[in-house]
There are 2 protein chains.
Amino acid sequence: MTSTDHPAFETGGTSLTVGQVARAAGVTANAVRFYERYGVITGHRSSGNARRFTVDAICRIKLALAAQRVGITLKESAEILAGIPPLSRDLDRWVGAGDELVRIGRARIAQLQATVSELATLDFLQPDPARDRPPG
Amino acid sequence: MTSTDHPAFETGGTSLTVGQVARAAGVTANAVRFYERYGVITGHRSSGNARRFTVDAICRIKLALAAQRVGITLKESAEILAGIPPLSRDLDRWVGAGDELVRIGRARIAQLQATVSELATLDFLQPDPARDRPPG
DNA sequence: ATTTGAGTTCGCCCATAGGCGAGCTTCTAG
DNA sequence: CTAGAAGCTCGCCTATGGGCGAACTCAAAT
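Our subject in this report is the structure included herewith. All of these numbers come straight from a predicted model, not from anything done at the bench.

Side note on the protein's contact with DNA strand D
Here is step 1: Taken together, 17 residues surround DNA strand D, and among them Thr28(A), Gln68(A), Gly19(B), Arg33(B) and Arg51(B) come closest.
Here is step 2: For DNA strand D, the backbone portion of the atoms within 4 Å of the protein, that is sugar and phosphate, comes to 81%.
Here is step 3: Within the side chain of Arg33(B), an N or O atom sits 2.7 Å from a phosphate oxygen of DNA strand D.
Here is step 4: A distance of 2.7 Å separates a phosphate oxygen of DNA strand D from a polar backbone atom of Arg51(B).
Here is step 5: Contributing elements (two or more residues each) for the surface near DNA strand D: helix H2 (29–37) of chain A together with helix H1 (18–25) of chain B.
Here is step 6: Here the surface near DNA strand D is composed, by residue class, of six nonpolar, eight polar and three charged.

The structure is reproduced here in structure tokens:
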């Protein structure tokens, strides 16, 4: 048994299976295949038609998961990620993507704070004159 | 034409149609029927099987809509609203429900802020030792 | 050779939050 | 009386984010 022939340890090479990526990213293998279909990650195939990924895929999934938490859909994450090279090639682009997501997150927070204010005063219960008057 | 016989003006009575509730709440009639099926609102039927609501239904929908914006599902809103009487009967209970939603909203904001921090540092890209080491 | 374990595709299933059209009834005005 | 507006039910469709099982292949270990 070498350092690369056991699936559970084969992370030194550039080739990871769905399961390895799944475990490293904290999702299921199902989810990983799903992410590939949606273009969140890309990979190639082994001679036996098995998916192969690099560690970069793990990072992309993790970014997408964090993005989800600020309200970004997988499709949007896929679009963002499609524009940036592997993390190891260009860290700055990843930092830039992170900053973009930070802006989106801050905007979401502002919206939430507004909604919380409304809920605190129950202001939204007041009839909206524009809607309650018939048009004309 | 009296003050109550034209549908668009018949809001002085206690009986509102789906369309009237929909317009007042800023949603579609479809959505109003949906809300009724999910127990967000309740109503009775006219002799001709048409839905009839009171103005209270409008308030319940508006509360549910605000709740949605802090991440509460319609089902959860239905459960909350099921426990409280009409707004006109017990304003305090509505204030209480609002306060509960405010707490939930603040919690959501805290979560978002944590995620934003992670995005700002890209910390989550760091491998999670607990996941990358094989179990055992 | 065979038995695992992990991989593959396909396709149906869930919840959430409705939209939309079909076909039918009911109501109200003119 | 008849037309139009609005209501009704039913059921299929959408998008999002996967879960799950069936049936099958593939590779490595015994």
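Examining the packing of aromatic side chains
All names here are of chain A.
Here is step 1: Evaluated as defined, the whole model comprises four aromatic pairs over all chains.
Here is step 2: Ring centres 6.5 Å apart and planes at 70° place the aromatic pair Phe34 and Tyr35 in the edge-to-face group.
Here is step 3: The exposure class assigned to Phe34 is partly exposed, which follows from its relative accessible area of 31%.
Here is step 4: In this structure an aromatic cluster arises from ring pairing among Phe34, Tyr35 and Tyr38.

Overview of the relation of the copies chain A and chain B
Here is step 1: The operation relating chain A to chain B is a screw motion whose rotation component is 180°, with 0.0 Å of axial translation and a residual RMSD of 0.0 Å. Taken together, these values place the two copies in the relation of a two-fold axis. When C-alpha distances to the rotation axis are compared across chain A, the minimum falls at Ile109(A), with a value of 3.0 Å.
Here is step 2: A high fraction, 100%, of the interface residues of chain A reappear at the interface in chain B, so the copies pair face to face through one surface.

Comments concerning the protein's contact with DNA strand C
Here is step 1: Neighbouring DNA strand C are 18 residues, the closest being Thr17(A), Arg33(A), Arg51(A), Thr28(B) and Leu74(B).
Here is step 2: Here, DNA strand C places atoms within 4 Å of the protein, and 82% of those atoms are sugar or phosphate.
Here is step 3: Arg33(A) places a polar side-chain atom, nitrogen or oxygen, 2.8 Å from a phosphate oxygen of DNA strand C.
Here is step 4: Those elements giving two or more residues to the surface near DNA strand C turn out to be helix H1 (18–25) of chain A together with helix H2 (29–37) of chain B.
Here is step 5: No other element matches H2(B), which puts four residues into the surface near DNA strand C.
Here is step 6: Grouping the constituent residues of the surface near DNA strand C by class yields six nonpolar, nine polar and three charged.

Observations concerning unusual backbone geometry
Here is step 1: Despite not being glycine, Leu122(A) has its phi angle at roughly 60°, a positive value.
Here is step 2: As for its placement among the helices and strands, Leu122(A) is situated in the loop between helix H5 (91–121) and helix H6 (129–132).
Here is step 3: We note that Asn49(B) has phi near 70°; this positive angle belongs to a residue other than glycine.
Here is step 4: Here Asn49(B) is to be found in the loop between strand E1 (44–45) and strand E2 (51–52).

What about the interface of chain A and chain B?
Here is step 1: Listed as interface residues are 38 residues of chain A and, on the opposing side, 38 residues of chain B.
Here is step 2: Summed over both partners, the interface of chain A with chain B comes to about 3,200 Å²; 70% of that surface belongs to carbon and sulfur atoms.
Here is step 3: Between the two partners, chain A and chain B, sit two salt bridges.
Here is step 4: Glu118(A) is the salt-bridge partner of Arg69(B), the closest N and O atoms lying 3.1 Å from each other.
Here is step 5: Linking chain A with chain B are six residue pairs in polar contact (both at pLDDT 80 or more), by the criterion used here.
Here is step 6: Sorting the residues of the side of chain A that touches chain B by element identifies H1, helix H3 (55–69), H5 and H6 of chain A as the ones contributing at least two each.

A word on the pattern of salt bridges
All names here are of chain B.
Here is step 1: Applying the stated criterion across every chain yields a total of nine salt bridges over all chains.
Here is step 2: A salt bridge links Glu36 to Arg45; the nearest nitrogen and oxygen atoms lie 4.0 Å apart.
Here is step 3: Taking the relative accessible area as the measure of exposure, Arg45 reaches 38% and is therefore partly exposed.
Here is step 4: Ionic pairing is found between Arg60 and Asp56, a salt bridge with its closest N-O pair at 2.4 Å. Placement of both Arg60 and Asp56 in helix H3 (residues 55–69) is noted, with a separation of four residues, approximately one turn of the helix.

Criteria and thresholds
- Residues numbered from 1 in each chain as written.
- Chains lettered and ligands numbered in written order.
- Predicted model: local features only at pLDDT ≥ 70, side-chain atom pairs only at ≥ 80, totals over all residues.
- Heavy atoms only, no water.
- Near = heavy atom within 4 Å.
- Polar contact = N/O pair within 3.5 Å; in protein donor to acceptor, adjacent residues only side chain to side chain.
- Helix = DSSP H or I, 4+ residues; strand = E, 2+ residues; numbered from the N terminus.
- Nonpolar A, V, L, I, M, F, W, Y, C, P; charged D, E, K, R; others polar.
- Phe/Tyr/Trp six-rings, centres within 6.5 Å; stacked < 30°, edge-to-face > 60°.
- Buried < 20%, exposed > 50% of the residue type's maximum accessible area, 1.4 Å probe, protein only.
- Least-squares fit on C-alpha atoms with pLDDT ≥ 70 in both.
- Contact = heavy atoms within 4.5 Å.
- Buried area = accessible area lost by both parts, 1.4 Å probe.
- Salt bridge = Lys/Arg side-chain N within 4 Å of Asp/Glu carboxyl O.

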